[in-house]
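Listed here are the chains, written in short residue letters.
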Amino acid sequence: MHNPDHPAAYLAARGLSKRFPGTAAPSVDRVGFTLERGGMLMLLGPSGCGKTTLLRMVAGLVAPDAGSLLVGGRDMADVPLHRRNMGMVFQSYALFPHLSVARNIAFGLEVRAVARAARDRQVAEMIAMMHLDGLEDRPVTSLSGGQRQRVALARALAIKPDILLLDEPLANLDVKLRDAMRAEIRALQRRLGVTAIFVTHDQEEALSMADQVAVMADGRIRQAGTPADIYERPVDRFVASFIGRGNFLAAHWQGGGTARIDGLGTLPIPAHAAPWHGTRTLLLRPHHIHARPPGDRDVRCTGTVEDVVYTGERHTLSVRVGPLGLTVDQPAGTGRAFAPGQAIALSWSADDMVVLDPDQP
Amino acid sequence: MRGRASALSRRGALAGLGAAPFVRARAATMPTLTVCGFHGPFQKAFQAAVIAPFLRLHPGVAVVYRPIMNSAQLLALLRLERAAPRIDVAIADISISILATAEQLLAPLSDGEVPNRAAIPDWGRGRNFNGLAFSRDNLALVYDSRVIPAAPESWMDLGRPALVDQVCMPVEDTRGVALLPVLTRMAGGDYRASIDPGLALMRRFAPNVASWNAQPDLYTLLLAQTAALGVGWNGRGQMIGRANPGTIRAVIPREGSVAQINTINLAAGSAHAALGATFIDHALSVETQAAFARMAFYGPTNAQVVLPESLSDGIFGGPAVAAREMHLDWTFISAHYGNWIRRIQREVISA
Amino acid sequence: MNDHATTPPRWLQAALLAPGLAALLITFVLPVAWLARVSLLPQAVSLLPQAGPSVPATGLSAGAYARVLGDPFYWWIIGRTLGIGVVTACLAVPMAFPIALFLARSTSAWRGVLVVLAIAPLMTSTVIRTYGWMVILGRHGIINSLLLQTGLLAMPIRLDNGLFATVVALVEILMPYAVISILSTLGRVNVELEQAAALLGARLPQIVLRIILPLALPGLLTAALLVFVLAISSLVTPQLMGGGRVFVLATEIFNATTVTLDWPFAGALSVVLLILFGLVISLYQRVLARMEAQA
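Residues numbered from 1 in each chain as written. Chains lettered and ligands numbered in written order. Predicted model: local features only at pLDDT ≥ 70, side-chain atom pairs only at ≥ 80, totals over all residues. Heavy atoms only, no water.

Draft legend 1. Main features of the interface of chain C and chain B. Taken together, the 39 residues of chain C in the interface contact 47 residues of chain B. Between chain C and chain B lies a buried interface of about 3,600 Å² when both sides are counted; carbon and sulfur atoms form 57% of it. Remark: the boundary between chain C and chain B carries 3 salt bridges. For D165 of chain B, the salt bridge is made with R158 of chain C, and the minimal N-O distance between the two is 3.7 Å. At the boundary of chain C with chain B, the tally comes to 9 residue pairs in polar contact (both at pLDDT 80 or more). (Contact = heavy atoms within 4.5 Å. Buried area = accessible area lost by both parts, 1.4 Å probe. Salt bridge = Lys/Arg side-chain N within 4 Å of Asp/Glu carboxyl O. Polar contact = N/O pair within 3.5 Å; in protein donor to acceptor, adjacent residues only side chain to side chain.)

Below is the structure:
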């Protein structure tokens, strides 16, 4: 069996929908995506966008109203939970509080009646892999957040799942631990070659970990693609503003590779931009704008620095250009410093501008 | 009447107790007499046959009926209210009347206060109780005429082989205590000497017994066809039989039966002693006694009452019943009451 | 030490506690004290008429206790009372557990209705329930008719009016208490644990045995204690369903109070029952503490 639409896809969702009783709008609305074997998909979106519901539909914890899910070509609709062979890491970890670390990890093997020797070997492997050595017999209630996180991951991986599902697994950890775990999970997932879906509301997490990112809003996937695709070529203003920061400029098609931009006048736009009617929004990322000395021939516009925020890695400038306020990132350590009230000239490459789709209703 | 009552009627009795103070308050403007007596059919008959005519004769007076579940509860109330009695007139089983008199809870009554006292035979105005006999009843066989078409004649019918698991013998109360002397005499013994023969007979009936219980009561079990025959009170059985024609009947067996006597008493320290005595005199009058007998099938105690033959035949005092009457020494029985019940529990029911 | 800001002033604590304490004093402490006092009265007050004019006697006597504890019959009654409590608890809790589990995890729109149905026995009067059991267990009842028609029985057997009927009715009437008690326990067991177990490959029986039962065990114990205590103190059910054969402490207390008027004896039996409660509850707390220490 193979899926005719996506011959190479290991995991394929089509038209998945779910509306909970008593709610006006569906939580998940006709969502489809595909994922290669061994790939990692990040489901990214603000809270309430339906990403967790989508994940739970994949897991089988929520029955979809419509749509289908295929894993390796097999329709999962009638596959009961205990036969789906999916490992899930819950946001709460859902560790069994009455069992020790080792018994938690062994649980999936015990209920599958894996022979004792094989089970012990596999648990030991997981303990070593997750750096839980010495904690085997501790009750999980006595562990720190990070340790619990590892136990949850080890428990999910111990059953050698076809698909690993992670529901905001790092949300309850502190920042430093989170960064470390991100790298570790990513490395582990690659090493084990397990196909994974990872739900997060943290765009940095999404960009840094994924093969594929799907940005969700209001129950739908707005855009799916590689992290670079999403960041550099967002399709609309929602995606552009959810991932990274941006300057949004109202533009009118002028022809000849130019557009009239409110507040800036007629300027060149990307050469391949298709013509449009009325007003469209152009995205210009703050790091694509360069501060220039006044008089430079590449200058697109001039303005006044209103505010400077120093983050260590960069200066973020708020620049007033006529009626517009633009955000500009300057790498730190270039030796050039700006102060509020100072005049500034700005330039950018026309091809760095992205013409966004009209906002969805 | 010293026994258990069904949960339902107990609730009714409690509701009655709760309501009493309010009724009292409403009638506070006129002298109000509080009469305490049994709940259920007795109350209904008493209100219609005794209280209603009394109110017609004494328009300026109010009477409140305070229902109780059994005589033991009455004794408890009298004790609790010893300092300030709220009960003026009390109906009680004779054994309780004896106890309450001994505890000085009941006031003596003279012929001057209660002229009808003279019409009560000696057994109804004893030396060891201050009250006067108001009504009499008999221990009887009560049966379902649908199952047993021919009336049983003997107490031995309780052991009829055809009635396995269909007999109700509520003997853990006064009925058992009253039945023991009868059975003992049948077996050739004397209850004052030993009740062993009576207990042995009771044990012989045991295989037939579906329920030893007073709850749900015999009459309910008969109507529900869980039991076909039982030991009950004649008056109550006849009353329920009249209400459910063609089902329940009561009969006094040929070996004789025991009388159960209810007394009417004036509470010691009653605030309406004179009115209470007047009420008691009214309750013992020929007219009232006849009316109460017609309504409740209880035998009258006023010797001058003449009942129509159709009625007197089946109830206490009538010639048919009188011939089978067995007189008991209730003072003796009261003293052995608890012990006898314990022996019935152990040597009959648990045997 | 408590945070000063979150601790109400002492007078307020006292004021808040006062109504509850007063109610407890009036409805529990005083009656129990009175009961203990009555149980120590000399038997003579129990109203023997030959004693002549008597006022309630004063003075203390352990006679009532001697009569209870010196009589094998009452030891037998104490044993039977405890036995009925244990059997009822052992039947009611396992039967209530699946019902509570179903209700706790049901997402049906009818869940509310089902919860009401599960506790419906509490809302019918004892008398009505008793008649219901007569219809089922009676000589002409459903079970006997069925057994007679199928030829399994030649004669009807007595299912009503006895120990069997008493236990059946006690289980029925006390099961709702167990359901409610277990329901609240299951409400505190995170559903995600069951989902996690299922995704790890556990079938429903494995989830119940390995996850839900161990986590709900303290709640099940509480439910068992509740049922036990209610069973050994119940009066009306043994009275109505026992056919006068089922002597338990409660029926004997009732008898001594209202039939034989032996109040010191009733008081002594009541104190025995109270002591049994105390013993069972302290046993329960010890078991619970041990379970918590292990967890």
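Draft legend 2. Molecular detail of the packing of aromatic side chains. Residue and element names in this part refer to chain B. In the structure shown here, the tally under the stated rule is 21 aromatic pairs over all chains. Measuring from centroid to centroid gives 5.5 Å for F46 and F134, while their planes differ by 65°, and the two rings are edge-to-face. With F46 in helix α2 (residues 41–57) and F134 in strand β5 (residues 132–144), this residue pair connects regions lying 88 residues apart in the sequence. For the pair F46 and F134, a shared accessibility class is recorded, and that class is buried. (Phe/Tyr/Trp six-rings, centres within 6.5 Å; stacked < 30°, edge-to-face > 60°. Helix = DSSP H or I, 4+ residues; strand = E, 2+ residues; numbered from the N terminus. Buried < 20%, exposed > 50% of the residue type's maximum accessible area, 1.4 Å probe, protein only.)

Draft legend 3. Summary view of the UniProt feature "transmembrane region" (unreviewed entry) in chain C. Mapped onto the present numbering, the UniProt feature "transmembrane region" (unreviewed entry) falls on residues 12–36, 82–103, 109–128, 163–186, 207–232 and 263–284 of chain C. Annotated as 55% helix and 0% strand, the span residues 109–128 of chain C places its first and last C-alpha atoms 30 Å apart. (UniProt positions renumbered as here; feature names shortened; annotations may be inferred.)

Draft legend 4. Inspection of the UniProt feature "domain: ABC transmembrane type-1" (unreviewed entry) in chain C at higher detail. Sequence positions flagged by UniProt for "domain: ABC transmembrane type-1" (unreviewed entry) are, in local numbering, residues 78–284 of chain C. Counted over residues 78–284 of chain C, helix gives 76% and strand 0%. Its end C-alpha atoms are 19 Å apart.

Draft legend 5. Quick look at the interface of chain C and chain A. Listed per partner, the contact involves 17 residues of chain C and 24 residues of chain A. Counting the surface lost from both chain C and chain A, the interface buries some 1,900 Å², and carbon and sulfur atoms represent 65% of this. The interface formed by chain C and chain A contains 2 salt bridges. Residue E110 of chain A pairs with R210 of chain C through a salt bridge whose shortest N-O separation is 2.7 Å. Remark: the boundary between chain C and chain A carries 6 residue pairs in polar contact (both at pLDDT 80 or more).

Draft legend 6. Region of the structure containing the domain arrangement of chain A. Residue and element names in this part refer to chain A. Split by domain assignment, chain A resolves into domain 1 (11–238) and domain 2 (245–356). Relative placement of domain 1 and domain 2: their C-alpha centres are 39 Å apart. On the domain 2 side, the residues contacting the 8 residues of domain 1 number 7 residues. In total, about 650 Å² of surface goes out of reach between domain 1 and domain 2, with carbon and sulfur atoms giving 57% of it. Put simply, domain 1 and domain 2 have 0 salt bridges between them. Applying the counting criterion to the domain 1 and domain 2 interface returns 1 residue pair in polar contact (both at pLDDT 80 or more). For the side of domain 1 that touches domain 2, the leading source of residues is helix α7 (residues 227–232), giving 3 residues. Broken down by class, the residue content of the side of domain 1 that touches domain 2 amounts to 4 nonpolar, no polar and 4 charged. (Domains from an automatic or database assignment. Nonpolar A, V, L, I, M, F, W, Y, C, P; charged D, E, K, R; others polar.)

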